[in-house]
Amino acid sequence: MPWTMSLDKIDKNSVPLAGGKAANLGEMISIKLPVPKGFVVTTDSYLAFVSENRLQQRIDGIVGGIDVEDSDNLVAASAEIQKMVMAAPIPAAIENDIVASYRALYMADELREISGKALDFIRVGRDQLPVAVRSSAVAEDSSANSFAGQMVSILNVTGPKQLLESVKRCWASLYEPRAIFYHKNSNVKMQAIAVIVQRLINADKAGVMFTADPVSSDSTKIVIEGAWGLGESVVSGSVTPDTYTYDRNTKNVEIQVNRKETMRIRDLFSGDTKSQAVLPELVETQVLSMEEISELVSLAEKIEAHYASPQDIEWCTERNKLFIVQTRPITTLKRQKVAQQDMGDKEAVLQGSPASPGLVTGSVKKIGGISEFSKLSRGDIIVAPMTTPDMVPIMKKASAIVTDTGGLTSHAAIVSRELGIPCVVGTRDATRKLHDGDIITVDATSGKIYMGVVGEPEKNPAGKASDSEKEYSTLVTATKIKVNLAFPERAHEAVNSDGIGLLRAEHMLTESGEHPMHLAKEKPDELTSMIMEKLGSIAKALHPKPVWYRSLDARTDEFKNLIGGSDEPTEANPMLGSHGIRRSLVQQEILVCELNAIKSLHEQGLTNIHLMIPFIAYVDEFTRVKQLAEQLGLPKTVKIGIMVELPSAALTIDDFCKAGIEFASFGSNDLTQLVLGVDRNNESISGLYRENNPAVLKLIEYVIGRCANYGVETSICGEAPSRDDDLVGKLVEYGISSISVELDAFDHVKEVVARKEREIVLKKSVINEYSKSGGL
């Protein structure tokens, strides 16, 4: 088994061996992005290290007894585990492989191409050249988890001895207090960890960019932040960086230059990373030139197009050469807009950058370090120079966060958005002007801080407002507004909706780390119980409102990294391959578990659960599912419907209705790409992918009309209605029965539907009056 792997040998399928961060780096190298060269110490190395030193049982025992809400207990347990890891020796074979890969990283003939490295080579030799060492956990930098600052990164590591110690520090960081806290609260299993070793870029400029505005979620904006020196000052929030906001529509750039008084640098002679004062003439000088902004925008759009989702990207420059050092999905985008309140004549005492919107009043607690964690009570407002990863356990208790320094991509900003609490960064003077016990109002929509109670703060000022207390529209609409759901933990947020129009099975069935097909074959009872537990909890929260459970629709390339996933076949085009009901009818093990779980839940009284069949093309596929359901004894209370994702299903909808479907829901993502013949993951033709194309709309209108003739309910559960008001209006005009949207879009879509319904009623009223008066 490989103990190390070169980054250029890694791709998106290497996550089990290289971790999420390294897989992203390898993927970027494969599309010719300027990524510093390096290698990965694989997860096999970590597992062999743990096994040889017999650590796992002791670690599990300690983790199992941790109360993550008790900061002292969490810190003590973490220190005990990390001490064990650091004291254990690395097996000789792994140690030798790491050192050999390190020595091969800086080859003399390549140094000529690397600005600034030749001096190092001459001074210290190949055995002492500097590298960056960073964690790469198996679940890290996925679309669901960002792990912002959860594990350690070490810059300026020189020599084999430092390197081996740094690798162990990364392994130990899997059990940092912040990481244990995150895993336990997010129900993410603590898995193996890989370690990235890369050439160190001696950055003269560095920063972060988002391909969508991280605060407003505006996808037409690219937000770039930059400061002098190494990037850790931007990511940590120790400086307030310049901000460059590029508008994709107008091509204009809005520039905000901030004071950047300090910078992190690598001392070429001592080799240490240190802080130093920025030269006076550069403190308020714009960091990036227009040419550099243009180059970054171009790279950002290329990366976003490749990954087909908004990205959080770290960049740096060394002697005018640009490097991309990391990318990951933005996990915190929300669709709702937070209205800015009128504060009257009240004058703000502080002004900063709004990093996570909201309005909260609470008591100030100034936090300068871990020794002050215990003074924070739930609902207090953290005021700090900046936040660090160690503060994550207490950040969850806070109702808001205010910092002196930092930008939209600082640690405080990212974690606050993940936690959903208001945050204002870059106030400069918050720790000087505010004192423990002060009552303040944080308006994180405008970035202003007021003394006392101002405006109408969120409910539950003693702590973050629970999701069940969020304000939902009380409008009554004829068109039902449902929500899409993937995680049982968020079911309580949907109680004010008209039901679940799409319950995705994939996340629930893969949470254990085992491939669902592997589970279905080896442990069918365990899989059935898992479905019952998770589906049952959602159905109970929503009862008696309907929950449409979509049976598993996993492509063969999606879960190969899970246990048992290596048996998945390799298909030339998985998007059009064996998935959805066509696979479930050939390999029936999972479908049988799903049907048995639904049967048992109905017998327990949860008769609001119904089955939705994905990626169906033929009527006989529907009849075969019905036959299997009858064979397994499913009660008649279980409604069975279909997803309309293929043009064949849309064009033969009459036949499906005659066969007995009880509802039909449009999967607008697949329907659009299959009607237009456009691969939505292909960035070179992504501009042709348009859900409002007349051909797509005609099929949707046709299906809604035909289903109405048979009394069959129609719905839509793709992403389009959550972000396209015009489409929502057309769906209402067509007479769709319900619209299912993302949770964060619920209020807005309901308002759009209500306005459209009023418009239709008013139009009919005018026509009727005109007709009565003899005008028609």
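Note that the structure is predicted; figures quoted are calculated from it, not measured. (Residues numbered from 1 in each chain as written. Predicted model: local features only at pLDDT ≥ 70, side-chain atom pairs only at ≥ 80, totals over all residues. Heavy atoms only, no water.)

Along its length, the chain carries 27 helices and 29 strands. In the chain, which comprises 776 residues, the share counted as buried stands at 55%. The long-range fraction of contacts in the chain, counting pairs at least 24 apart against all pairs at least 6 apart in sequence, stands at 67%. Carbon and sulfur atoms make up 50% of the accessible area of the chain, which amounts to about 32,200 Å² in all. (Helix = DSSP H or I, 4+ residues; strand = E, 2+ residues; numbered from the N terminus. Buried < 20%, exposed > 50% of the residue type's maximum accessible area, 1.4 Å probe, protein only. Contact = heavy atoms within 4.5 Å. Areas by Shrake-Rupley, 256 points an atom, 1.4 Å probe, with all protein chains shown as cover.)

Among the secondary structure elements, Thr528 is positioned in helix α17 (residues 524–542). On the basis of relative accessibility, which here comes to 13%, the residue Thr528 falls in the buried class. Filtering out sequence-adjacent residues up to four positions away, Thr528 remains in contact with Cys593, Asn596 and Ala597.

Below, the discussion takes up helix α23 (residues 668–676). Within α23, burial applies to Ser668, Asn669, Asp670, Leu671, Thr672 and Gln673. Next to the buried residues of α23 lie β26 (640–644), α21 (647–651), β27 (663–666), α24 (694–710), β28 (713–716) and α25 (720–723). One or two residues past the end of α23 sits Gly677, with phi positive at roughly 65 degrees.

The pairing of strands in a sheet happens through backbone hydrogen bonds and is either parallel or antiparallel. Overall, antiparallel pairing links the six strands, which are arranged β9-β8-β7-β6-β12-β13 in an open sheet. The outermost strands of the open sheet, each flanked by one partner alone, are β9 (253–256) and β13 (321–329). Averaged over all pairs of adjacent strands, the angle between strand axes in this sheet comes to 20 degrees, irrespective of strand direction. Judged from the six bridges that link them, strand β7 (residues 221–228) and strand β8 (residues 242–247) form a sheet pairing that is antiparallel. Along β8, the bridge assignment pairs Ile222 with Tyr246. (Pairing = 2+ DSSP bridges. Axes fitted to C-alpha atoms, helices over the stretch in contact; angles between N-to-C directions.)

Attention now goes to the nonpolar core. Within the largest apolar cluster, 81 residues are counted, with the highest numbers of intra-cluster contacts made by Tyr549 and Ile739. For this core, the element with the most residues is α17, which contributes eight residues. (Core = buried A, V, L, I, M, F, W, Y, C linked by side-chain atoms within 4.5 Å.)

So, about the packing of helix α4 (residues 71–87) against helix α8 (residues 159–172). How two helices sit against one another is set out by the angle between their axes and by the gap between those axes. Between α4 and α8, whose axes approach to 9 Å, the crossing angle comes to 150 degrees. With respect to each other, α4 and α8 are oriented roughly antiparallel. As α4 runs across α8, the sense of the crossing is right-handed. Contacts between α4 and α8 pair Gln82, Val85, Met86 and Ala87 from the former with Glu165, Lys168, Arg169, Trp171 and Ala172 from the latter. Residues belonging to the contact of α4 with α8 are distributed by class as follows: five nonpolar, one polar and three charged. (Parallel < 35°, antiparallel > 145°, perpendicular 65-115°, else oblique. Left-handed = near helix turned anticlockwise from the far one by under 90°. Nonpolar A, V, L, I, M, F, W, Y, C, P; charged D, E, K, R; others polar.)

Another aspect to go through is the packing of aromatic side chains. Centre-to-centre distance and the angle between the planes together describe a pair of aromatic rings. Scanning all chains against the criterion turns up three aromatic pairs. Pairing Tyr46 with Trp171 gives two aromatic rings, centres 6.1 Å apart and planes at 65 degrees, and the pair type is edge-to-face. Separated by 125 residues along the polypeptide, Tyr46 in helix α2 (residues 43–52) and Trp171 in helix α8 bring together distant segments of the chain. The class of Trp171 is buried, set by a relative accessible area of 0%. (Phe/Tyr/Trp six-rings, centres within 6.5 Å; stacked < 30°, edge-to-face > 60°.)

A word on the pairing of strand β29 (residues 738–741). Successive side chains on a regular strand alternate, one facing one side of the sheet and the next facing the other. On β29, burial covers both faces: Ser738 and Ser740 on one face and Ile739 and Val741 on the other are all buried. Pairing between strand β22 (residues 480–485) and β29: four bridges, direction parallel. Across the sheet, Lys480 pairs through a bridge with Ser738, a residue of β29.

Another point: the sheet that holds β28. Strand order across the open sheet formed by eight strands is β28-β27-β26-β25-β24-β23-β22-β29, with parallel pairing between neighbours. Edge positions in the open sheet fall to β28 and β29, since each of these has one partner strand only. Sheet twist, expressed as the mean angle between neighbouring strand axes with direction ignored, is 30 degrees. On top of the sheet, helix α19 (residues 589–603) reaches β24 (547–550) and β25 (609–613); it is set at about 160 degrees to β25, its chief contact. The sheet contacts of helix α20 (residues 619–631) involve β25 and β26, and relative to β26 the element is tilted by about 150 degrees.

Tallying each qualifying case throughout the model produces 20 salt bridges. Of the charged contacts in the structure, one is a salt bridge between Arg259 and Glu261, with a shortest N-O distance of 2.8 Å. Classification of Glu261 as partly exposed rests on a relative accessible area of 45%. A network of salt bridges, in which partner residues are shared, links Asp218, Lys221 and Asp247. (Salt bridge = Lys/Arg side-chain N within 4 Å of Asp/Glu carboxyl O.)

This next bit is on the environment of Thr510. As for its placement among the helices and strands, Thr510 is situated in helix α15 (residues 506–510). Residue class for Thr510 comes out buried when judged on its relative accessible area of 13%. Sequence-wise, Thr510 and Ile563 are 53 residues apart; in three dimensions their C-alpha atoms are separated by 9.7 Å.

Take the environment of Lys346 next. Here Lys346 shows up in the loop between β13 and β14 (350–351). Each C-alpha atom, one on Lys346 and one on Tyr450, is 7.7 Å from the other, the two residues being 104 residues apart in sequence. Apart from residues lying up to four places away in sequence, Lys346 is in contact with Tyr450, Met451 and Val454. Only 3.4 Å separates the side chain of Lys346 from the backbone oxygen of Met451, close enough to count as a polar contact. (Polar contact = N/O pair within 3.5 Å; in protein donor to acceptor, adjacent residues only side chain to side chain.)

For the pair α24 and helix α26 (residues 725–734), interaxial distance at closest approach is 10 Å and the crossing angle is 30 degrees. Between α24 and α26, the interaxial angle falls into the category roughly parallel. When you trace α24 past α26, the crossing you get is right-handed. Contact residues: α24 offers Leu697, Ile700, Glu701 and Ile704, while α26 offers Leu727, Lys730, Leu731 and Tyr734. Its residues assigned to classes, the contact of α24 with α26 shows six nonpolar, no polar and two charged.

So, on to unusual backbone geometry. Cis geometry is adopted by the peptide bond preceding Pro544, which originates at His543 and carries an omega value of 10 degrees. Residue position: Pro544 is located in the loop between α17 and β24. Of note, Lys32 is a non-glycine position whose phi angle comes to about 70 degrees, a positive value. Position of Lys32 among the secondary structure elements: in the loop between α1 (15–30) and β2 (38–41). Phi at Arg428 is positive, roughly 75 degrees, even though this residue is not glycine. Position of Arg428 relative to the elements: it lies in the loop between β19 (423–425) and α14 (430–433).

In this fold, Asp620 is placed in helix α20. As for Asp620 and Phe656, which are separated by 36 residues in sequence, their C-alpha atoms are 9.1 Å apart.

Turning our attention to a nonpolar patch on the surface. Judged by side-chain polarity, Ile255, Val257 and Met290 come together as a nonpolar surface patch covering roughly 220 Å² of accessible area. By the secondary structure assignment, Met290 is in helix α11 (residues 290–307). Judged by its relative accessible area of 43%, Met290 is partly exposed. (Patch = residues over 30% accessible without salt bridge, like charges linked within 9 Å, V, L, I, M, F, W, Y side chains within 5 Å.)

What follows covers the confidence of the model for the chain. Per-residue confidence for the chain averages 83 on the pLDDT scale, and 84% of its residues sit at or above 70. pLDDT under 50 marks residues 108–119. Its contacts with residues more than four places away, or in other chains, come to 19 contacts. (pLDDT = per-residue confidence, 0-100.)

Attention now goes to α2. By the burial criterion, the buried members of α2 are Thr43, Asp44, Ser45, Tyr46, Phe49 and Val50. Looking at the residues trailing α2, positive phi occurs at Arg54, about 50 degrees.

Let us now look at the pairing of β13. Taken across its nine residues, β13 has eight buried, putting it largely inside the fold. Bridge analysis of strand β12 (residues 311–318) against β13 gives eight bridges, and the strand direction is antiparallel. Considered in β13, the bridge of Glu314 is made with Gln326.

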